[in-house]
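Residue-level structural notes
Below, each chain spelled out in residue letters.
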Amino acid sequence: MRVLLFFLSRGSFLCCAFVLFLLLLDVEIPVVLAEKKPVVPAETIAKWHRHHKLFKEKRLLVRREGEAQSVSAEEKEEKSGWEDRWEHRAKVVEKNNNDDKNNDAIAGKATSPNVAAGKEEESDLALKLFRKIPRKKREEILRALENFKKEQEAEEKEEGAGNRKEERNEEETRRKLELLEKERKEKERKLAVVVAREASVAEAAPSTGEKGDDDGFVPVDESALAAGTVAYGTYDTCDTCEMCSVEEPPKGVDTGKAAKAKETASGTTRDGKIHCKKCFGCNVVLSRLESNQNLHGKKVKMFAGASGAAVVRGYTKEHGNVIIKSWCDFGGYKQHPETAAKHPLTCNEETQSKNTQCPIKGGIHAYGECNYKFLNALDKLTVDSNLTGVVPRTWTGSVKTFLPWDGHAVQGHKIDVRSQFYEVAKGYSIEAVYGSSVAQDTVEMFKNIKHEEVIKAATFDLLFSEQDRHGQNVFVTEEGDVTLIDSEGCFGPTNSLLLPGGQKFEVYRIGYNAVCCGNTPLSCPQPAGERTAPIVAMDYRCHAKDHFVGFDWPKGVEPFLRKIQKMTEDDVHEVYEMTRKEHATHLKRTVDELLELGFEGALLKAYQRQNRGDGLTYGNNYWYPITRACCGNDICPMRVDDAVGRVNIEKSTQGELAEKLWGDKYVHGLDVKNSPSATLLALSSLNVPKPETSADALVDRLKQQEQQQQRRRL
């Protein structure tokens, strides 16, 4: 009826008759309904309206400021291709429509060809209607749609990044849970060892079953002891022991049970030895060195060394926690129980003639007193040079105790030997932390490395000519403290990761295969690695002002240099009780070069006496060309995780003196072109500030030389 009234109001009788005829025949009239649902969802239209409103406000603001450009509507339409964009957008919206009511495919229904054709007609009709809108309005609508599209894509991208981050967090959480589960199982497996270790350092209490006065000691449950085991004994009365204590036995504890068992032949093992659960009178408690440390929830490897020496943790009443090291005569203890290598039961000094000299190098396998004397001399030198802040103190002492009860072949065996004691180095080996790359959880620790301590450590290695300073024996803490361990390689060639130009440094810079190819199964030569290990940032130049030390040594070093300069070689050998006179000669030469040429000059003179590295041979007596210091991934291709971004730990930028020696750009690979002799020549032409030398020092030097000549004549 509404249709008829519409046509009657227009006075068209024929049209009304035609429509009435169709209604009587019940023929469906194809009329576009006004209530047809829009192709674009209502939420999208609402968002578009908001964008359109913002767009109009911005355009009005631009027009008021006079910045709008006068471009004809025809040119805009021709250049922008708005109609093509609208046509494409209509098809994309139609294709990606997720409205259940308008998309039968999502509901799992079959779409008939008639329905598809109807949707296509709707899109064409919408396009025709859009073209009837005034051109300026069309441009505004299309610009708003473009802005909306960009914002929507940005939101989707941000949402996708958030989802990926959540996935990474879930994966990291899963790994942490797995790691915690492994740790729990490992702790359960070693529970007996942990209990034994804790009990070893605890004070004893009465065996009445009650706790001590204040120490909370729980006595041994004698009813649970295995056959042939005595509850308490002493170092002298027990042959093997599970838990050793450095304390005196408390009141009420009967330590005579072991002695009684030995007298009555009860409580002994098949070999006739007395085994004790706990014994008193030891002077140190030992425990095996852990294979890993915990750093930010991750396991960091602890390197026990490849020398074959026995390295264990210890606890003494006088020094607290210590590290104990022995190269022989340590009860058959093996540092690596899974290997067949045995620790020598006797030291070479016991079988050699008394007139036999000690090895020229320290820390030699199967030597005892020679190694101890070498290290004690080095400790005295370290104290006098004021470098103990980066080198642990060390001393030789007696070890009267039992080997750790840890499930290995010689567990609980009694030993009474001399060994080398060390202060415990704090932190983690730099190779374990930064051997691969700088990560997000270690970058702050990397930035915290103290410049002055790196300079002290580098001074130690240059002054005493350390030949084996790799990343496993340089420790760093989260606060940035630096500690050097295992300095048995002093008074040899100069080869330290802290000093550029040596093999240890070059391996971290361009890779082991490129430096020591002959020591690998690869065909030689090998190219340099694409990336550089972060350890190269321990280069002393990164931590010196202007990348140059010259004569600006750490505090306390220059007085030591002057002292050694005034002494004769014999005096140095005797005063510091060195194992070989060659060590005194070596030290005197280095001191003279430091005072005459400065830090860089002494380093280059040391390399002059060494061989040019050939890319094949592994060894300590080699030098390599030196390029500019690599202190961060903005200077060289340092391995740094992408999430970390740019990182550089240099104290200051490279100065003029360093630039003239090493160049203004970092050169990666094998293309560095210089030599110690050529660089020394360049150094001699520089005006390096030198400390004043008094006339008295020169007179003392002349007297010293005269005394040496007189001794040689005699």
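Up top is the structure these notes are about.
Residues numbered from 1 in each chain as written. Predicted model: local features only at pLDDT ≥ 70, side-chain atom pairs only at ≥ 80, totals over all residues. Heavy atoms only, no water.

Some points on the overall build of the protein chain
- Tallying secondary structure elements over the protein chain gives 22 helices and 15 strands in all.
- In the protein chain, the share of contacts with a sequence separation of at least 24, taken over all contacts with a separation of at least 6, comes to 70%.
- Taken as a whole, the protein chain presents about 40100 Å² of accessible surface, with 51% of it coming from carbon and sulfur. (Helix = DSSP H or I, 4+ residues; strand = E, 2+ residues; numbered from the N terminus. Contact = heavy atoms within 4.5 Å. Areas by Shrake-Rupley, 256 points an atom, 1.4 Å probe, with all protein chains shown as cover.)

Some points on the side chain of aspartate 406
- In this fold, aspartate 406 is placed in the loop between β9 (394–402) and β10 (414–423).
- Take aspartate 406: its relative accessible area is 16%, and that puts it in the buried class.
- Within the structure, aspartate 406 has its side chain in polar contact with the side chain of arginine 288 (distance 2.7 Å). (Buried < 20%, exposed > 50% of the residue type's maximum accessible area, 1.4 Å probe, protein only. Polar contact = N/O pair within 3.5 Å; in protein donor to acceptor, adjacent residues only side chain to side chain.)

Quick notes on the pairing of strand β1 (residues 229–234)
- Among the six residues that make up β1, five are buried, leaving the element largely enclosed by the rest of the structure.
- Relative to strand β3 (residues 275–280), β1 is paired through five bridges, and the arrangement is parallel. Residue pairing in the sheet places glycine 233 in a bridge with cysteine 279 of β3. (Pairing = 2+ DSSP bridges.)

Structural notes on the pairing of strand β6 (residues 298–301)
- Relative to β6, strand β5 (residues 292–295) runs antiparallel, the two sharing four bridges. Along β6, the bridge assignment pairs glutamine 293 with valine 300.
- Connecting β5 to the next strand, β6, in antiparallel fashion are two residues, including histidine 296 with a positive phi near 55 degrees.

Focus on the sheet that holds strand β11 (residues 428–429)
- As summarised here, the arrangement of the three strands in space is β11-β12-β13, forming an open sheet in which the pairing is antiparallel. The open sheet terminates on both sides in strands that have one partner only, identified here as β11 and β13 (482–484).

A short note on the sheet that holds β3
- The three strands are arranged β1-β3-β2 in an open sheet whose pairing can be described as parallel. Each edge of the sheet is formed by a strand with only one pairing partner; in this case those strands are β1 and β2 (240–245). Put simply, the sheet's adjacent strands are angled 25 degrees from each other on average, direction ignored.
- Note: β2 against β3, five bridges, orientation parallel. Within β3, the position partnered with threonine 240 by the bridge is histidine 275.
- Set on the sheet, helix α9 (residues 257–264) makes contact with β1 and β3; between it and β1 the angle comes to about 120 degrees. (Axes fitted to C-alpha atoms, helices over the stretch in contact; angles between N-to-C directions.)

A closer look at the pattern of salt bridges
- Taken as a whole and judged by the stated rule, the model has 27 salt bridges.
- Note that aspartate 539 is salt-bridged to arginine 541, the shortest N-O span being 2.6 Å. One exposure class covers both aspartate 539 and arginine 541, and it is buried.
- When the shortest N-O distance is used, the salt bridge between glutamate 558 and arginine 562 registers 3.4 Å. A residue pair is termed a helical-turn pair when its members lie 3 or 4 positions apart in one helix, as glutamate 558 and arginine 562 do in helix α17 (residues 557–566) at four residues.
- Exposure remark for arginine 562: the relative accessible area of 18% places this residue in the buried category.
- Each of Lys325, Asp486 and Glu488 takes part in one network of salt bridges that share partners. (Salt bridge = Lys/Arg side-chain N within 4 Å of Asp/Glu carboxyl O.)

What to know about the state of the cysteines
- Summed over all chains, the structure comprises eight disulfides.
- Disulfide pairing is shown between cysteine 328 and cysteine 347; the S-S distance is 1.9 Å. For the disulfide bridge between cysteine 328 and cysteine 347, the dihedral angle about the S-S bond is near 90 degrees, and by the sign convention the bridge is right-handed. Taken as a pair, cysteine 328 in the loop between β8 (320–326) and α10 (348–351) and cysteine 347 in the loop between β8 and α10 lie far apart in primary sequence, 19 residues in all. By the burial criterion, cysteine 328 is buried, and cysteine 347 matches it.
- Note on cysteine connectivity: cysteine 630 is disulfide-linked to cysteine 636, with sulfurs 1.6 Å apart. (Disulfide = S-S within 2.5 Å.)

Brief notes about the packing of aromatic side chains
- On inspection of all chains with the given rule, the structure shows 13 aromatic pairs.
- Geometrically, the ring pair formed by tryptophan 327 and tyrosine 372 is tilted, given 6.3 Å between the ring centres and 55 degrees between the ring planes. In this pair, tryptophan 327 is assigned in the loop between β8 and α10 and tyrosine 372 in helix α11 (residues 369–384), connecting sequence segments 45 residues apart.
- Measuring from centroid to centroid gives 5.6 Å for phenylalanine 551 and tryptophan 553, while their planes differ by 85 degrees, and the two rings are edge-to-face.
- Assessed through its relative accessible area of 11%, phenylalanine 551 is described here as buried.
- On the basis of relative accessibility, which here comes to 9%, the residue tryptophan 553 falls in the buried class.
- Members of the aromatic cluster, each reached through a chain of ring pairs, are Phe374, Phe460, Phe464, Phe491 and Phe560.
- A cation over an aromatic ring shows up here: lysine 414 above the ring of tyrosine 235, its NZ or CZ 5.0 Å from the ring centre. (Phe/Tyr/Trp six-rings, centres within 6.5 Å; stacked < 30°, edge-to-face > 60°. Lys NZ or Arg CZ within 6 Å of the ring centre and 35° of its normal.)

Some words on the environment of threonine 346
- With respect to the helices and strands, the residue threonine 346 is situated in the loop between β8 and α10.
- Residues threonine 346 and glycine 332 lie 14 residues apart in sequence; the distance between their C-alpha atoms is 9.4 Å.
- Not counting the four nearest positions on each side in its chain, threonine 346 is found in contact with Cys328, Asp329 and Ala366.

A look at the nonpolar core
- In this structure, Phe464 and Leu587 are the most contacted members of the largest nonpolar core, which totals 92 residues.
- Here phenylalanine 464 is in contact with Leu378, Leu381, Ser385, Leu387, Cys490, Phe491, Phe560 and Leu587, once residues within four sequence places are set aside. (Core = buried A, V, L, I, M, F, W, Y, C linked by side-chain atoms within 4.5 Å.)

Some points on a negative patch on the surface
- On the surface, a cluster of negative charge is made up of Glu151, Glu153, Glu155, Glu156 and Glu158.
- Looking at the element boundaries, glutamate 151 is found in helix α7 (residues 135–189).
- On the basis of relative accessible area, glutamate 151 is assigned to the partly exposed category, the value being 39%. (Patch = residues over 30% accessible without salt bridge, like charges linked within 9 Å, V, L, I, M, F, W, Y side chains within 5 Å. Lys, Arg positive; Asp, Glu negative; His and termini not counted. Charge placed at Lys NZ, Arg CZ, Asp CG, Glu CD.)

A closer look at the environment of lysine 277
- With respect to the helices and strands, the residue lysine 277 is situated in strand β3.
- By relative accessible area, which is 25% here, lysine 277 ends up partly exposed.
- Between the C-alpha atom of lysine 277 and that of aspartate 221, which follows or precedes it by 56 residues, the distance is 9.8 Å.
- For lysine 277, the contacting residues outside a window of four places in its chain are Val220, Leu225, Thr229, Val230, Ala231, Cys241, Glu242 and Met243.

Side note on helix α15 (residues 503–510)
- Within α15, seven of the eight residues are buried, which leaves it mostly tucked inside the rest of the structure.
- When we look at burial in α15, the residues that qualify are Gln503, Lys504, Phe505, Glu506, Tyr508, Arg509 and Ile510.
- Summarising the contacts, the buried residues of α15 are in contact with α12 (430–434), α16 (512–515) and β15 (622–623).
- After α15 finishes, the residue glycine 511 shows a positive phi value of roughly 105 degrees.

Topic: the packing of helix α14 (residues 451–463) against helix α19 (residues 581–608)
- Two elements in contact, α14 and α19, have axes separated by 10 Å at closest approach and are oriented at 135 degrees. One finds that α14 runs oblique with respect to α19. For the pair α14 and α19, the contacting residues are Ala458, Thr459, Leu462 and Leu463 in the first and Leu587, Thr590, Val591, Leu594, Phe599, Ala602 and Leu603 in the second.
- Here the residues of the contact of α14 with α19 sort into nine nonpolar, two polar and no charged. (Parallel < 35°, antiparallel > 145°, perpendicular 65-115°, else oblique. Nonpolar A, V, L, I, M, F, W, Y, C, P; charged D, E, K, R; others polar.)

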